[in-house]
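# Structural description and commentary
Chain residues, written in single-letter form:
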Amino acid sequence: MSKHGSGQRLWAPRHSGWTLAHHLLPSFVLFAFVSATGTYALLHGRPVLSTALFASALAVLMGIVSALRRPTADQPVQEAAVATSTGTRAATWFPMVRTSAVWAAAVMGLAVVILVASIALSARLLFIHSYDPLLLILLLAVLLVMGGVYVLNRGIHMARVAATAQEPGVYLTRSRILLYGSRGTQEIYWNDVTGITEADPPRRRPLGKRGPAWIVLSQSLEQPGTRRQLVIPVHELSANPDQLKRTLDHYWVHAAERLELGTEAALLRVEGFIPLD
């Protein structure tokens, strides 16, 4: 069994409240800019444009509030039953953040407001009035619609987590790894895993020194109809990501010890993978 706290920390300790504010600086700036632009549009008799901008500002603010409300303490690993493609199995569960259904519905509602207002504004400017320069109008319309689509996509991801009967998280059973998260339900068998790595999205890096954005489980391509990768988004985890990564590495290498997954013995072993502070 690994020694308690052994190994270096890859992901920075979790923060919440105002200690997280420096990571959210671009969001604060965006909120201030969109709010000011919406106020300017309202004062100059542009209610449709101001509606889209204020809805966008509120969506940004909700994202900031969600980040600031996250707890600093890691949620402990637990035993749980999980629904798999072949029935219910005992598992060792690494929890993820549970999204409120009301919060997800509010985000999707804001997305609808942004899209409707953006399309209405674009139609008015392009077909009812002859505004120049036309390129500037088209650019504004595209930006507003893209903002609405982004917010809608975020709301859909949140709704997936809120709607599932299974608690969100990463479940390790004797035969497979399951992910219940914002991308839906994903499943991969231990025997099909060809590598476990940390990675960032292509051409993007998370703001601040918090570690890679993803834990990626590569999969054998010999199995027809399977995904190439199972991607675990670290920012959705409420469990310790270092502990999860070391647990995955251990049970991938030590196949015989997977028999203990879903039992108290696994919890005792996993406790030894907690990183040093």
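Residues numbered from 1 in each chain as written. Predicted model: local features only at pLDDT ≥ 70, side-chain atom pairs only at ≥ 80, totals over all residues. Heavy atoms only, no water.

Looking only at helices and strands, the protein chain has six helices and eight strands in total. When the helices and strands of the protein chain are read in sequence order from the N terminus, they spell out α-α-β-β-α-α-β-β-β-β-β-β-α-α. A total of 277 residues make up the protein chain; the buried ones form 43% of that total. Looking at the protein chain alone, contacts between residues at least 24 apart form 67% of all its contacts between residues at least 6 apart. As displayed, the protein chain offers around 15200 Å² of accessible surface, 64% of which is attributable to carbon and sulfur atoms. (Helix = DSSP H or I, 4+ residues; strand = E, 2+ residues; numbered from the N terminus. Buried < 20%, exposed > 50% of the residue type's maximum accessible area, 1.4 Å probe, protein only. Contact = heavy atoms within 4.5 Å. Areas by Shrake-Rupley, 256 points an atom, 1.4 Å probe, with all protein chains shown as cover.)

Counted according to the given criterion, the structure contains six salt bridges. Note that Arg269 and Glu260 form a salt bridge whose closest N and O atoms lie 2.4 Å from each other. The two residues Arg269 and Glu260 agree in class, both being buried. Connected through shared salt-bridge partners, Glu198, Lys245 and Asp249 make up one network. (Salt bridge = Lys/Arg side-chain N within 4 Å of Asp/Glu carboxyl O.)

Residues Val170, Ile177, Ile215, Leu217, Ile232 and Leu248 are the most contacted members of the largest nonpolar core, which totals 26 residues. If sequence neighbours within four positions are ignored, Ile215 has contacts with Trp11, Ile196, Thr197, Leu230, Val231, Ile232, Val234, Pro241, Leu244, Lys245 and Leu248. Counting 10 residues, the second-largest nonpolar core is a separate cluster that includes Ala59, Ala104, Leu110 and Met158. (Core = buried A, V, L, I, M, F, W, Y, C linked by side-chain atoms within 4.5 Å.)

Looking now at the sheet that holds strand E2 (residues 87-95). Ordered by their spatial adjacency, five strands build an open sheet running E1-E2-E3-E4-E5, and the pairing between neighbours is antiparallel. The sheet terminates laterally at strand E1 (78-84) and strand E5 (184-189), the two strands that pair on one side only. Adjacent strand axes in the sheet meet at a mean angle of 30 degrees when their direction is disregarded. (Pairing = 2+ DSSP bridges. Axes fitted to C-alpha atoms, helices over the stretch in contact; angles between N-to-C directions.)

Further remarks concern the pairing of strand E4 (residues 176-181). Buried residues dominate E4, accounting for six of its six residues. Of the two faces of E4, the one holding Arg176, Leu178 and Tyr180 and the one holding Ile177, Leu179 and Gly181 are both buried throughout. Note that strand E3 (residues 169-172) and E4 share four bridges and pair antiparallel. The residue of E4 that forms the bridge with Gly169 is Tyr180. Hairpin connection between E3 and E4: a loop of three residues separates the two successive antiparallel strands.

Its location among the elements puts Glu236 in the loop between strand E8 (229-233) and helix H5 (241-253). Not counting the four nearest positions on each side in its chain, Glu236 is found in contact with Arg70, Met96, Val97, Gly181 and Ser182.

Spatial strand order, E6-E7-E8: three strands in an open sheet with antiparallel pairing. Sheet topology places strand E6 (193-199) and E8 at the edges, where each strand pairs with a single neighbour. Ignoring strand direction, the axes of neighbouring strands in this sheet form an average angle of 15 degrees. When E6 meets strand E7 (residues 214-219), the two strands line up antiparallel, connected through six bridges. Each residue of the ladder has a partner; that of Glu198, found in E7, is Ile215. Of the strands in this sheet, E6, E7 and E8 are in contact with H5, which crosses E6 at around 160 degrees.

Before going further, it helps to spend a moment on the environment of Leu20. Mapped onto the elements of the fold, Leu20 is located in the segment before helix H1 (25-43). Take Leu20: its relative accessible area is 7%, and that puts it in the buried class. With 44 residues separating them along the chain, Leu20 and Ile64 place their C-alpha atoms 9.8 Å apart. The residues contacting Leu20, other than those within four sequence positions of it, are His15, Ala67, Leu68 and Arg210.

We now examine the UniProt feature "transmembrane region" (unreviewed entry) in the protein chain. Listed under "transmembrane region" (unreviewed entry) in the UniProt record, and renumbered for this structure, are residues 20-42, 48-68, 102-127 and 133-152. The annotated region residues 20-42 carries 78% helix and 0% strand content, and the separation between its end C-alpha atoms amounts to 32 Å. (UniProt positions renumbered as here; feature names shortened; annotations may be inferred.)

Within E8, four of the five residues are buried, which leaves it mostly tucked inside the rest of the structure. As judged from the five bridges shared by E7 and E8, these two strands associate in the antiparallel manner. Looking at the pairing, Trp214 lines up with Pro233 of E8.

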